[in-house]
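Descriptive analysis of the structure
Single-letter residue listing:
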Amino acid sequence: MKSTLLIPSFILPFHTNSSWKISLTQALSLSVCFSFFLSLRMEASAGLVAGSHNRNELVLIRGHEEPKPMKALSGQVCEICGDEVGLTVDGDLFVACNECGFPACRPCYEYERREGTQVCPQCKTRYKRIKGSPRVEGDEDEEDIDDLEHEFNIDDEKHKTHEPQQNQNITEAMLYGKMSYGRGGSEDLESNPPQFPPIITGSRPVSGEFPLANNGHSFGEQASSLHKRIYPYPISEPGSTRYDEKREGWKDRMDDWKSKQTLLGGDPDDIDPDMPLSDEARQPLSRKVSIASSKINPYRMIIVLRLVVLAFFLRYRILNPVHDAIGLWLTSIVCEIWFAVSWILDQFPKWYPIDRETYLDRLSLRYEPEGEPSMLSSVDIFVSTVDPLKEPPLVTANTVLSILAVDYPVDKVSCYVSDDGASMLSFESLSESAEFARKWVPFCKKFSIEPRAPEMYFSRKVDYLKDKVQPTFVKERRAMKREYEEFKVRINALVAKAMKVPDEGWIMQDGTPWPGNNTRDHPGMIQVFLGHNGGHDADGNELPRLVYVSREKRPGFQHHKKAGAMNSLIRVSAVLTNAPFMLNLDCDHYINNSKAIREAMCFLMDPQVGRRVCYVQFPQRFDGIDTNDRYANRNTVFFDINMKGLDGIQGPVYVGTGCVFRRQALYGYKPPKGPKRPKMVSCDCCPCFGRKKNKLAKDGLPLTVADAGMENDDKEVMMSQMNFEKRFGQSAAFVTSTLMEEGGVPPSSSPAALLKEAIHVISCGYEDKTEWGLELGWIYGSITEDILTGFKMHCRGWRSIYCMPKRPAFKGSAPINLSDRLNQVLRWALGSVEIFFSRHSPLMYGYKEGQLKWLERFAYVNTTIYPFTSLPLLAYCTLPAVCLLTGKFIMPTISTFASLFFIALFISIFATGILELRWSGVSIEEWWRNEQFWVIGGVSAHLFAVIQGLLKVLAGIDTNFTVTSKASDDGDFGELYAFKWTTLLIPPTTLLIINIIGVVAGVSDAINNGYQSWGPLFGKLFFAFWVIVHLYPFLKGLMGRQNRTPTIVVIWSILLASIFSLLWVRIDPFVVKAKGPDVHKCGINC
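What counts and what doesn't
- Residues numbered from 1 in each chain as written.
- Predicted model: local features only at pLDDT ≥ 70, side-chain atom pairs only at ≥ 80, totals over all residues.
- Heavy atoms only, no water.
- Helix = DSSP H or I, 4+ residues; strand = E, 2+ residues; numbered from the N terminus.
- Buried < 20%, exposed > 50% of the residue type's maximum accessible area, 1.4 Å probe, protein only.
- Contact = heavy atoms within 4.5 Å.
- Areas by Shrake-Rupley, 256 points an atom, 1.4 Å probe, with all protein chains shown as cover.
- Pairing = 2+ DSSP bridges.
- Axes fitted to C-alpha atoms, helices over the stretch in contact; angles between N-to-C directions.
- Phe/Tyr/Trp six-rings, centres within 6.5 Å; stacked < 30°, edge-to-face > 60°.
- Lys NZ or Arg CZ within 6 Å of the ring centre and 35° of its normal.
- Salt bridge = Lys/Arg side-chain N within 4 Å of Asp/Glu carboxyl O.
- Core = buried A, V, L, I, M, F, W, Y, C linked by side-chain atoms within 4.5 Å.
- Right-handed = clockwise from strand over helix to strand, strands pointing away.
- Patch = residues over 30% accessible without salt bridge, like charges linked within 9 Å, V, L, I, M, F, W, Y side chains within 5 Å.
- Parallel < 35°, antiparallel > 145°, perpendicular 65-115°, else oblique.
- Left-handed = near helix turned anticlockwise from the far one by under 90°.
- Nonpolar A, V, L, I, M, F, W, Y, C, P; charged D, E, K, R; others polar.
- Arc of directions from axis to C-beta.

**What about the overall build of the protein chain?**
Along the backbone of the protein chain there are 37 helices and 17 strands. Out of the 1086 residues belonging to the protein chain, those deemed buried represent 54%. Expressed as a percentage of contacts within the protein chain between residues at least 6 apart in sequence, the contacts between residues at least 24 apart total 77%. For the protein chain, the computed accessible surface area is about 50000 Å², with 57% contributed by carbon and sulfur atoms.

**Observations regarding the environment of Lys-811**
Examined against the element boundaries, Lys-811 turns out to sit in strand β17 (residues 810-813). With 220 residues separating them in the primary sequence, Lys-811 and Ile-591 have C-alpha atoms 6.7 Å apart. Lys-811 has contacts with Asp-588, His-589, Tyr-590, Asn-592, Arg-621 and Asp-623, leaving out every residue within four places of it along the chain.

**A few points about helix α25 (residues 785-795)**
Of all 11 residues in α25, 11 are buried; the element is thus mostly enclosed. Every buried residue belonging to α25 is among Glu-785, Asp-786, Ile-787, Leu-788, Thr-789, Gly-790, Phe-791, Lys-792, Met-793, His-794 and Cys-795, and all of these are buried. Gly-797, located one to two residues past α25, shows a positive phi value of around 110°.

**Re the environment of Lys-131**
You can see Lys-131 is positioned in the loop between α3 (106-115) and α4 (149-152). A relative accessible area of 33% places Lys-131 in the partly exposed class. C-alpha of Lys-131 to C-alpha of Val-89: the two residues are 42 residues apart in sequence and 7.7 Å apart in space.

**What to know about the pairing of strand β7 (residues 379-385)**
Most of β7 is tucked away, with 7 of its 7 residues classed as buried. The pairing of β7 with strand β8 (residues 413-419) spans 7 bridges and is parallel. When the bridges of β8 are listed, Ile-381 appears paired with Cys-415. Pairing of β7 with strand β11 (residues 581-586), which is carried by 6 bridges, proceeds in the parallel orientation. Looking across to β11, one finds that Phe-382 is bridged to Asn-584.

**Description of the packing of helix α26 (residues 818-836) against helix α27 (residues 854-865)**
One can describe the packing of α26 onto α27 by two numbers: an axis separation of 7 Å at closest approach and a directional angle of 115°. In this structure, α26 contributes Ser-832, Val-833, Ile-835 and Phe-836 to the contact, and α27 contributes Thr-863, Thr-864 and Ile-865.

**Comments concerning the packing of aromatic side chains**
For the coordinates displayed, the defined rule picks out 47 aromatic pairs. Between Tyr-615 and Phe-661 the ring centres are 5.5 Å apart and the planes differ by 55°, which places this aromatic pair in the tilted class. Pair noted here: Tyr-615 is in strand β13 (residues 613-617) and Phe-661 is in strand β15 (residues 659-662), with a separation of 46 residues, a long-range link. As far as the burial class goes, Tyr-615 and Phe-661 line up, both buried. Each ring, one from Phe-836 and one from Phe-868, has its centre 5.0 Å from the other, and the planes form 55°; the classification is tilted. Residue Phe-836 is located in helix α26, and its partner Phe-868 is located in the loop between α27 and α28 (870-886); the two are separated by 32 residues in the primary sequence. Taken together, Phe-436, Trp-440, Phe-443, Phe-447, Tyr-457, Phe-458, Phe-473, Tyr-484 and Phe-487 form an aromatic cluster joined through their ring pairs. If you follow Arg-362 out to its NZ or CZ, it ends over the ring of Tyr-359, 4.0 Å from the centre.

**Brief notes about the sheet that holds strand β14 (residues 621-623)**
Ordered in space as β12-β17-β14, the 3 strands form an open sheet in which the pairing is mixed. Where the open sheet ends on each side, the last strands, each with one partner, are β12 (590-591) and β14. In this structure, β14 lies alongside β17, joined through 3 bridges in parallel fashion. Bridge pairing in β17 links Asp-623 to Ser-813.

**Remarks on the pattern of salt bridges**
Scanning the entire structure with this criterion turns up 35 salt bridges. Note that Glu-368 and Arg-598 form a salt bridge whose closest N and O atoms lie 2.8 Å from each other. Here Glu-368 is found in the loop between α11 (360-367) and β7, whereas its partner Arg-598 is found in helix α17 (residues 596-604), with 230 residues between them in sequence. Classification of Glu-368 as partly exposed rests on a relative accessible area of 23%. With a shortest N-O distance of 3.6 Å, Glu-775 and Arg-796 are connected by a salt bridge. Taken as a pair, Glu-775 in the loop between α24 (751-761) and α25 and Arg-796 in the loop between α25 and β16 (799-802) lie far apart in primary sequence, 21 residues in all. Arg-796 sits in the buried class, given a relative accessible area of 12%. Taken together, the shared-partner salt bridges in this structure form one network comprising Glu-368, Asp-407, Lys-595 and Arg-598.

**Some words on the nonpolar core**
Trp-440, Trp-514, Leu-546, Met-601 and Val-616 are the most contacted members of the largest nonpolar core, which totals 77 residues. At 12 residues, the largest contribution of residues to this core is made by helix α13 (residues 424-447). Discounting residues that sit within four places of it in the chain, Trp-514 has contacts with Leu-48, Ala-422, Ser-423, Met-424, Phe-427, Trp-506, Ile-507, Met-508, Met-525 and Tyr-548. Listed in part, the 62 residues of the second largest apolar core include Ala-574, Val-653, Val-761 and Leu-788.

**Remarks on the pairing of β8**
Burial analysis of β8 places 7 of its 7 residues in the buried class, which makes it a mostly covered element. Of the two faces of β8, the one lined by Val-413, Cys-415, Val-417 and Asp-419 and the one lined by Ser-414, Tyr-416 and Ser-418 are each fully buried. As for the winding sense of the linkage, the β-α-β connection from β7 through helix α12 (residues 393-404) to β8 is right-handed. The sheet contact formed by β8 and strand β10 (residues 545-550) spans 5 bridges and is parallel. Paired with Val-417 across the two strands is Tyr-548, which belongs to β10.

**Description of a nonpolar patch on the surface**
Residues Phe-906, Ile-909, Phe-910, Ile-914 and Phe-1022 make up a contiguous nonpolar surface patch of about 520 Å² in total accessible area. At 4 residues, the largest contribution of residues to the nonpolar patch is made by helix α29 (residues 896-920). Topologically, Ile-909 is positioned in helix α29. Of the residues examined, Ile-909 reaches a relative accessible area of 33% and is grouped as partly exposed.

**Looking at unusual backbone geometry**
The bulk of non-glycine residues show a negative phi, and the bulk of peptide bonds are trans. Following Glu-450, the chain continues into Pro-451 via a peptide bond in cis, with omega recorded as -10°. Here Pro-451 is to be found in the loop between α13 and α14 (454-459). One non-glycine residue, Ala-422, lies in positive phi territory at about 50°. Considering the arrangement of structural elements, one finds Ala-422 in the loop between β8 and α13. Even without a glycine there, the phi angle at Asn-578 is positive, about 55°. Positionally, Asn-578 belongs in the loop between α16 (561-576) and β11.

**Quick look at the packing of α28 against helix α31 (residues 941-955)**
In helix packing, the relevant descriptors are the interaxial angle and the interaxial distance, both defined with respect to the helix axes. Relative to each other, α28 and α31 sit at 130°, their axes nearing to 9 Å. Of the possible angle classes, the one that applies to α28 and α31 is oblique. Seen from above, α28 lies across α31 with left-handed handedness. Contacts between α28 and α31 involve Ser-870, Leu-871 and Leu-874 from the first element and His-942, Leu-943 and Val-946 from the second. Grouping the amino acids of the contact of α28 with α31 by side-chain chemistry returns 4 nonpolar, 2 polar and no charged.

**Details of α11**
Those residues of α11 not exposed but buried are Arg-362, Leu-363, Arg-366 and Tyr-367. Around the axis of α11, the buried residues are gathered within 105° of arc, so they sit on the same side. Those residues of α11 that are buried are in contact with α17.

**What to know about the environment of Ser-819**
Inspection of the secondary structure puts Ser-819 in helix α26. For Ser-819 and Leu-1038, which are 219 residues apart along the polypeptide, the C-alpha to C-alpha distance reads 9.9 Å.

So this is what it looks like as structure tokens:
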């Protein structure tokens, strides 16, 4: 079968609105134009690049964008050291390898011939001596000719007159050497191989040979050619002589390579002490603020006291059974023991709560010296979206606009928007957002606007003139508000148009069919809307880069939902910009504090603590929540209490959004090790103190090598021993980027190669037989990939930071409707159940490394087992109704001394809560709402999560992930009172009804039996009212604004409650049955 290439219609002179599929051999004649249009892809708004690496297809769709002026590609750069290639003694461009034209300068060429493998890093052909170079061993076997040009009989004059033909040959080699990788040559190419020119201008290997191979192992003797190799490089066995030689040589060459890379971007931590830094700039960029001892010490004392009281209480309960209701008693004992264990797992990770402070002025003094370029690290920002109907384009647009207007150097910010639904609506709305950003961004920076999401800024009911002194502010604000309203109208028009899909699919403005018409079978797509070479605002200033990405999807491939989309963004950003840090945001979480990235850099770039920090997590804050926060949407107890406690141990868990990552941590590397004490050196004469035999680590490396004390030893060992393609995938450009700790793209990289490589790394089969999702990037195996990803980093020894600036860094939207809220909680709980049953369960995983602290493990264990609390919670909430209906109770008649245990337990519970609120600053209302929703979610969403998780593990029945709706009602919290039917509403409604029935039955029975029956009734009524009060917000949600409960809920709840009550009266299982008269009392021998 012939290989084919999809050629864009605009480069064909005889058709304008059609795409042609031609053979690869025919495509070579158009290769000059093809290379020309690819070089434009890094320019902003030059068009949409779509393609499939597996199918050898690549197409450019210009859409409605006007072509940008092209900058000529000039200069030949060495792929090894980054210097210019230079000229030969005859004044011509120096060519090291005449077979493939790999760009290398004369010093690198001569060093490789003298000290290295003597082969070309790209085609593995032995270097031949070039005129003016000294001879080395092996040259005697060649013909005694200095000028390699004589081998081809190239005439200089003819070479000059046929320069256009040479340029065509250059592009032919690019097409053949990069588009045919991994597929083998076609039949035509095998019979008529193309003639490779001596030079490939500005090219990099898109896929295949590792470009730094000449600085490392000698793979030339074992690896196959560029066009046929699809298997990993073989390596020498550990312990062999060749193994040791390779390792030593590799370390030396890597030192040289790193010293050259330092010229491109050095380590910001290695600051010259002679630099004229002020004393303020040398101070730490952040500090840890401990909670006042007057607040935290009483809190810890109460926790210990509560633990002691709880032990005595459980002892009393176990040793005093209720014989006439043994079933009720046993059920309550099991529930109470489970609650005690759950409380311990939740409470003790809060033992060391801390606060933190950042110093933005010191950050500026250290990394932004006046009159010099900024030395702040670059940041790639990821925004993910799937369904534009559930995640409105206007919401996503506001998030993107707030990112583009962030207070950070524009040349160090790149925004990547992942459209996992391949929606043309998302694409067009992003194009509109890019145009509006040219006006919005300078307005925000000129007047220091906060927040920088236009919808939230213009809708604020505050005095917008406060602190504004510019006379033109009012006029420009009015004009900008009008511009934004027109922008909203255009977005609304796009949404209205997208409601009805044409039968033939969507057509772009130039007549080209939208590549994502089939959302389950489409090529990968990349569009650079804004960039450093074409994105300027209305004032002529540069804008951050804005890139649209939609990864390839094909039937038969596992795409791993959001985690897979995020991993695609990691790779494509590494190829195009490769910032050392990454910020991920949900499409509805906008930047509320324009200095949020600087806040994170105070930790990540701090020379003292930053090197071991894998990510900085910000708390989630929300807009549009009702004043009373009926369903605890703000989740304040978790973000302001639990996360502060974890920050004092090993760091907070990753919660899915508002988190700035260190890229190297997501690549699976371990944190840098501190200096070790020197080991005792002894001889082998004493068996007790002699040298131990080298053991092999898990990955096959000697432990002595794996435990080397150098700062970058972990990475160097992996570089010298592991197969990079098996770990990261078959992409030379991406593998190269993983070695650059400080980020950046090599200056020799051509735009054409980068765009083709970017399409390659988002192909659907790229992750096959790699460690993506297993050890690298976002971890697969759970729909809550965030918890799993952070857990893996902490197990490797990294620590995380919790940053809570005074002005919230990010704000988003939360589902205030009862049904949507329960479905959201269901998804979180189901993900925790999946982690519990996976190989990454915190109960079993991570003990060998020994890097996860015990209290941190407690927190992760609690994160995975909390859904199982729904089972004892459901039983415990049913017990009050059972006791009231049967007249039995879970406790025996207690004495005065025994009552002290109950009083002490209740006092310790209230004291713990009050002191917790005291040091955290959380209000009593927020704490109480959290307690109420813990019961509501526990008996509904958590219960269904356990059932679905068990079905998935035992029966293989998978559940579909439902995207939480980000749409909101413009009315007065109209969405709060809307009712949406879901089966999650049945269990709590049933509990409400049976407990109310139990209260009525118990009171009626006490009235009928007289005064003596009221005493035992009070304990049962208290128990029932505890359940009803906790479910009260749920009852209000059912009644709605008009106090109308849906008929289906009433019918199901009354039916289940009636059936339960009738069966109970008929069976009465917890009452001891009398088998006959007592012979000792009646004296009758029955």
